[in-house]
Each structure stands twice: as structure tokens, then as C-alpha cells.
Amino acid sequence: MKVIKEISAIQNICLYFKRLGKTIGFVPTMGFLHEGHISLILKARDENDIVVTSIFVNPIQFLPNEDFEKYPRDFLRDYHLCKSAGVDYIFYPEPEDIFPNDYKTFIEVKNLSDVLEGKYRPGHFRGVTTVVAKFMNIIMPDKLYLGQKDAQQAVILKKMSKDLNYPTEIRIGKTIREDSGLALSSRNTYLSDEEKIEASVLYKALELGAKLISKSHSISSEEVIDKMKSFIKEKSPNCELQYIAITDNENLSEIADPGNFKGEILISLAAFFRMTRLIDNIVVTKT
Ligand code: AMP
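Rules used throughout
Residues numbered from 1 in each chain as written. Predicted model: local features only at pLDDT ≥ 70, side-chain atom pairs only at ≥ 80, totals over all residues. Heavy atoms only, no water. Helix = DSSP H or I, 4+ residues; strand = E, 2+ residues; numbered from the N terminus. Contact = heavy atoms within 4.5 Å. Areas by Shrake-Rupley, 256 points an atom, 1.4 Å probe, with all protein chains shown as cover. Lys, Arg positive; Asp, Glu negative; His and termini not counted. Charge placed at Lys NZ, Arg CZ, Asp CG, Glu CD. Phe/Tyr/Trp six-rings, centres within 6.5 Å; stacked < 30°, edge-to-face > 60°. Buried < 20%, exposed > 50% of the residue type's maximum accessible area, 1.4 Å probe, protein only. Lys NZ or Arg CZ within 6 Å of the ring centre and 35° of its normal. Axes fitted to C-alpha atoms, helices over the stretch in contact; angles between N-to-C directions. Parallel < 35°, antiparallel > 145°, perpendicular 65-115°, else oblique. Left-handed = near helix turned anticlockwise from the far one by under 90°. Nonpolar A, V, L, I, M, F, W, Y, C, P; charged D, E, K, R; others polar. Pairing = 2+ DSSP bridges. Near = heavy atom within 4 Å. Polar contact = N/O pair within 3.5 Å; in protein donor to acceptor, adjacent residues only side chain to side chain. Salt bridge = Lys/Arg side-chain N within 4 Å of Asp/Glu carboxyl O.

## Structural notes on the overall build of the chain
Of the regular secondary structure elements, the chain holds 10 helices and 9 strands. Here the analysis covers contacts within the chain between residues at least 6 apart in sequence; of these, 75% occur between residues at least 24 apart. Carbon and sulfur atoms make up 50% of the accessible area of the chain, which totals about 14200 Å². In the chain, which carries 38 positive and 40 negative side-chain charges, the distance between the mean positions of the two groups comes to 3 Å.

In C-alpha cells:
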């Protein structure tokens, strides 16, 4: 496994492999890797000749009041995890090389970026789509690997890839969780052990919502959300819920009667445990 910091170097390496007819799988990450990232790397390893992972805490997807500075970083640990998982190249650029002072070009997926997470983190997805578009131009992957954990990000990047005609297949890996149900996240390191146990209430509430929707032929989103809110309030007094939303998993538009809906329904939420903001989701398919 090699670590490449220079943009032109990784681009030339990827071009070389493409000319040889090799397929490239790309897993973008912000590092501080956990089993969720590793599951994507293993999937990429399975499906491609060459696996490239990027480790880049992307400054432009953080809002000014967010945790860019204190976001956990441990390159040596990530290096060993990537090596064991079979990564061929870690792309580990410097922020000033990706976004130099005179940087001017941004990618924005309209509408989809303003709802759900976008409402509370304005500009976040513009940062995500811009950096991923750049990385896709640098790596030129045949397949791009994303986690369902960031459901809206997956929907937006699929749309960007389609709209901009990237010849890349987007592969979504399922959310990896602790036994308690808590979704793995690099930000879980901010939580105490007690908070981690308490935070598992989020997935339990999502399961409750999914069950209510699955078993009914007609139920309002309001009723489902109210029941989930009461459940969280009862089980976890320290949880400060920011939102719960029930939307069409294809276009993220709100669904009034999910009981009577045909297709994939996304139930998503965000909540704070003290200063730590967590997101999670579940998808219910109604036929
Ligand atoms: P991040 O490092 O948080 O930017 O995440 C990098 C990639 O890993 C994204 O595509 C995430 O959706 C994915 N990911 C993060 N957490 C998980 C998880 N618990 N299970 C599966 N994929 C995940």
C-alpha cells in the first residue's frame, strides 16, 4: 500500500491503471476509520482491481461553528487499518492543495441540498459535492463507495453523478452498527460510555417508526413522528432531538401518508447528546 499526497501523482497512477484496463474502486473518507469505513473498503476490494481510499477532513463542508478543528484525526491508525483491509493507495492530500486560496469553482445540487440536514447545515452539501466531484476527476473511479449512514449525501451524490455524466457506478453500503444499534461514526469518540448507551435510543426509535409504517395501510407522518419523539423522550432524557423526517428516499420530498406509500421511505433524524450531533436513518420499502 502506498500513501500519495500529491494530486498529480495519484491522478497519473489512476490513469496508468485505467490504460491497463484495470478497474478502480474509490472510498472517500474523512479518516478516523471504523468498521463502517472498512466495510466499504472491503466491498471495493471485492469488486475492483485497484482500491483507492482518500483521507481528507474537508474544510469546506464544515460550518464556521462546527467541529472542523477538533474532528478526530489519527493517520497512523488509519494507515494500518487501510493496509489490513487491502487498500492499494491512500490519497492523503493537504487542504491547501485541494482548496488553494484562489479556489473559485463549486458544485451544487439544487433543492436536495436544502432539505433535512441541509436545513440545519446550510452549505454543507455544497462542500461535499464540490470535494467529491474534484476527487472523482482526480481518481476517475469505475465505482464510488458510500455509506447508507449518510443517506442524504448518497442521494445527492447519485444525482450529481447522473447530472454531470460521471461514468461511475455509485455503490451504497449498509450502515454498520454497534450491538446496541448505535450507528458507528467517527464522532462517537466525543461520547462517554453512558452517552453511547443512551444514544442507541435513536436506532430503536427508527425501528419503531419503521414498524408503524410497515404494518399500517394508512398513517400520517405526524403520528409516526410523534410516537418516535415520545419514545425518545421517555428513554433518553439527555437527548435533544433536532428533527425527524419521513421522506421519499429517491427525491427526499416529504410523505404525508407513509402507510399508503409505494416505494422506499426514508426515516431520518438528527439529535444532540450534549455538544455531539448524531444522525441516523432507516429505509422502509412498501410494495
Ligand atoms: P466520513 O468519514 O464520515 O466522511 O464517512 C466516509 C464514508 O463512510 C461515507 O460514505 C459514510 O456514509 C460512510 N460511513 C460512515 N459511517 C458509516 C457506518 N456506520 N456504516 C457504513 N458506512 C458508514
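## So, the packing of aromatic side chains
Two measures describe an aromatic ring pair: the distance that separates the ring centres and the angle between the ring planes. Counted under the stated rule, the structure contains 12 aromatic pairs. On the numbers, 5.2 Å between centres and 70° between planes, the contact of Tyr-16 with Phe-17 is edge-to-face. Look at Tyr-16 and you get partly exposed, because its relative accessible area is 48%. For the pair Tyr-103 and Phe-106, a centre-to-centre distance of 5.5 Å together with 90° between the ring planes defines the contact as edge-to-face. Among the aromatic side chains, those forming a connected cluster through ring pairs are Phe-26, Phe-56, Phe-91 and Phe-135. A cation sits over an aromatic face here: Arg-77 above Phe-32, 4.7 Å from the ring centre.

## Quick word on the packing of helix α9 (residues 201-215) against helix α10 (residues 221-235)
If you want to describe how two helices pack, look at the angle between their axes and the distance between the axes. Relative to each other, α9 and α10 sit at 150°, their axes nearing to 9 Å. Between α9 and α10, the angle falls in the class roughly antiparallel. In the packing of α9 onto α10, the handedness of the crossing is right-handed. For the pair α9 and α10, the contacting residues are Val-201, Leu-202, Lys-204, Ala-205, Leu-206, Leu-208, Gly-209, Leu-212 and Ile-213 in the first and Val-224, Lys-227, Met-228, Phe-231, Ile-232 and Lys-235 in the second. Along the lines of polarity and charge, the residues of the contact of α9 with α10 split into 11 nonpolar, 1 polar and 3 charged.

## Points about the environment of Val-27
Inspection of the secondary structure assignment puts Val-27 in strand β2 (residues 24-29). Excluding its chain neighbours within four sequence positions, the residues that come into contact with Val-27 are Leu-40, Ile-41, Ala-44, Val-52, Thr-53, Ser-54 and Tyr-145.

## A word on the sheet that holds strand β9 (residues 276-286)
Strand order in the open sheet formed by 3 strands is β7-β8-β9, and the pairing between neighbours is antiparallel. Here the strands that pair on one side only, and so sit at the sheet edges, are β7 (239-248) and β9. Taken over all neighbouring pairs, the strand axes of this sheet differ in orientation by 15° on average, direction set aside. Packed on one face of the sheet, α9 meets β7, β8 (263-273) and β9 and runs near 20° to β9.

## Some thoughts on the sheet that holds strand β3 (residues 50-55)
What the 6 strands build is an open sheet, ordered β1-β4-β3-β2-β5-β6; its pairing is parallel. Each of the sheet's edge strands pairs with one partner strand only, and the pair in question is β1 (2-4) and β6 (169-173). Strand after strand, the sheet turns through a mean of 25° between neighbouring axes, direction not considered. Alignment of β2 against strand β5 (residues 143-147), held across 2 bridges, turns out to be parallel. Across the sheet, the residue bridging to Gly-25 is Lys-143, located in β5.

## Considerations on the side chain of Gln-148
Relative to the elements of secondary structure, Gln-148 occurs in the loop between β5 and α7 (151-163). The residues contacting Gln-148, other than those within four sequence positions of it, are Ile-172, Gly-173, Lys-174, Thr-175, Leu-266, Asn-281 and Val-283.

## Some remarks on the site of the ligand
Residues in contact with the ligand amount to 17 residues; listed here are only the nearest, Met-30, His-37, Asp-150, Ile-176 and Leu-184. Contacts to the ligand include Leu-184, whose backbone N or O atom sits 2.9 Å from a nitrogen atom. Burial of the ligand by the surrounding chains reaches 93%, relative to a free accessible area of 490 Å². Secondary structure elements with two or more residues in the shell around the ligand: β2, α2 (35-47) and β5. Per-element tally for the shell around the ligand: the top contributor is α2, with 3 residues. Among the residues making up the shell around the ligand, the classes are represented as 7 nonpolar, 7 polar and 3 charged.

## With respect to the side chain of Lys-134
Relative to the elements of secondary structure, Lys-134 occurs in helix α6 (residues 124-139). One buried charge, Lys-134, has no salt-bridge partner; the nearest side chain with opposite charge is Asp-102, at 9.1 Å. In this view, Lys-134 contacts Ile-98, Phe-99 and Tyr-103; residues no more than four positions away in its chain are not counted.

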